[in-house]
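# Descriptive structure summary
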Amino acid sequence: MAIQRTFSILKPDATRRNLTGAINAKFETKGLRIVAQKRVRMSQAQAEAFYSVHAARPFFKDLVGFMTSGPVVVQVLEGENAVALNREIMGATNPANADAGTIRKEFAESIEANSVHGSDSPENAAIEIAQFFAGNEIVG
Ligand code: IDP
Ligand code: MG
């Protein structure tokens, strides 16, 4: 398996509770490197575009409201099999279903305020990274 990059967000529930370091320690301990990072406040347009695949879902409006409710940390993680490894470290979307030791099991507040985003495929990782980072902002 080759070295990959994936897109990660530390969501507003994580920044509000000062958990960015604790969460990133999980990624780094398991072999992912943070090769780009910035703290931003997403605009409504940015959040709607980012989650456009979910536009028809009943939770879409709430999700956009949540993602714009406070600062987030957007970042690029790099490593062997990074897309799947990141998802494994994050745990299931609903923290009630997440495995022990995962970020969402340990830190998530709810199915919506679940602390982290991670790309679900290498194709989407490339699209999502390009929504927030210029090529020269990623330093491997
Ligand atoms: P994922 O983040 O594990 O990939 P997705 O199904 O892509 O999960 O959903 C995107 C985000 O939308 C979730 O991380 C969560 O914040 C929110 N979400 C997903 N399902 C629900 C739901 O049933 N109710 C409220 N929010 C949800
Ligand atoms: Mg998803």
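Bear in mind that the values here come from a model prediction, so they are computed numbers and not experimental data. (Residues numbered from 1 in each chain as written. Chains lettered and ligands numbered in written order. Predicted model: local features only at pLDDT ≥ 70, side-chain atom pairs only at ≥ 80, totals over all residues. Heavy atoms only, no water.)

Moving on to the sheet that holds strand 3 (residues 72-80). Taking strand neighbours across the sheet as the criterion, the four strands line up as 2-3-1-4 in an open arrangement whose pairing is antiparallel. Only two strands of the sheet have a single neighbouring strand rather than two, namely strand 2 (33-40) and strand 4 (116-118). Ignoring strand direction, the axes of neighbouring strands in this sheet form an average angle of 20°. Direction of pairing for strand 2 relative to strand 3: antiparallel, over a ladder of seven bridges. Across the sheet, residue arginine 33 finds its bridge partner in strand 3, namely glutamate 78. Relative to strand 1 (residues 3-10), helix 2 (residues 20-29) is tilted by about 165°, and along the sheet it contacts strand 1, strand 2, strand 3 and strand 4. (Pairing = 2+ DSSP bridges. Helix = DSSP H or I, 4+ residues; strand = E, 2+ residues; numbered from the N terminus. Axes fitted to C-alpha atoms, helices over the stretch in contact; angles between N-to-C directions. Contact = heavy atoms within 4.5 Å.)

Now for the packing of aromatic side chains. Applying the stated criterion across every chain, the model contains four aromatic pairs. Considering the side-chain rings of phenylalanine 7 and phenylalanine 132, the 5.3 Å spacing of their centres and the 10° angle between planes classify their relative orientation as stacked. Of the two residues, phenylalanine 7 is situated in strand 1 and phenylalanine 132 in helix 7 (residues 122-132); the sequence distance between them amounts to 125 residues. Phenylalanine 132 shares its class with phenylalanine 7; the two are buried. A ring pair is formed by phenylalanine 50 and tyrosine 51, whose centres lie 4.9 Å apart and whose planes are at 80°; its orientation type is edge-to-face. The rings of Phe7, Phe50, Tyr51 and Phe132 are connected pair by pair, giving a single aromatic cluster. (Phe/Tyr/Trp six-rings, centres within 6.5 Å; stacked < 30°, edge-to-face > 60°. Buried < 20%, exposed > 50% of the residue type's maximum accessible area, 1.4 Å probe, protein only.)

Moving on: the site of ligand 1. Contacts to ligand 1 come from Lys11, Tyr51, His54, Phe59, Leu63, Arg87, Thr93, Arg104, Ile111, Glu112 and Asn114. One of the backbone nitrogen or oxygen atoms of glutamate 112 is found 2.8 Å away from an oxygen atom of ligand 1. If ligand 1 stood free it would expose 530 Å²; the protein chains cover 79% of that surface. Among the cavities detected, the one that contains ligand 1 is the largest pocket. Its residues placed into classes, the shell around ligand 1 shows four nonpolar, three polar and four charged. (Near = heavy atom within 4 Å. Polar contact = N/O pair within 3.5 Å; in protein donor to acceptor, adjacent residues only side chain to side chain. Areas by Shrake-Rupley, 256 points an atom, 1.4 Å probe, with all protein chains shown as cover. 1 Å grid on protein atoms, 1.4 Å probe; cavity = no way out; pocket = protein on both sides within 12 Å on 5 of 7 lines; lining within 4 Å. Sits in = over half its atoms within 2 Å of the grid points. Nonpolar A, V, L, I, M, F, W, Y, C, P; charged D, E, K, R; others polar.)

In this structure, the largest pocket spans a volume of roughly 570 Å³. Tyr51, Val53, His54, Leu63 and His117 are the residues nearest the centre of the largest pocket, which is lined by 24 residues in total. Sorting the residues of the lining of the largest pocket by element identifies helix 3 (44-50), strand 4 and helix 7 as the ones contributing at least two each. Take the lining of the largest pocket: its biggest share by element is four residues, from helix 7. Residues belonging to the lining of the largest pocket are distributed by class as follows: nine nonpolar, nine polar and six charged. (Points joined across faces, edges and corners; volume = space filled by probe spheres on them.)

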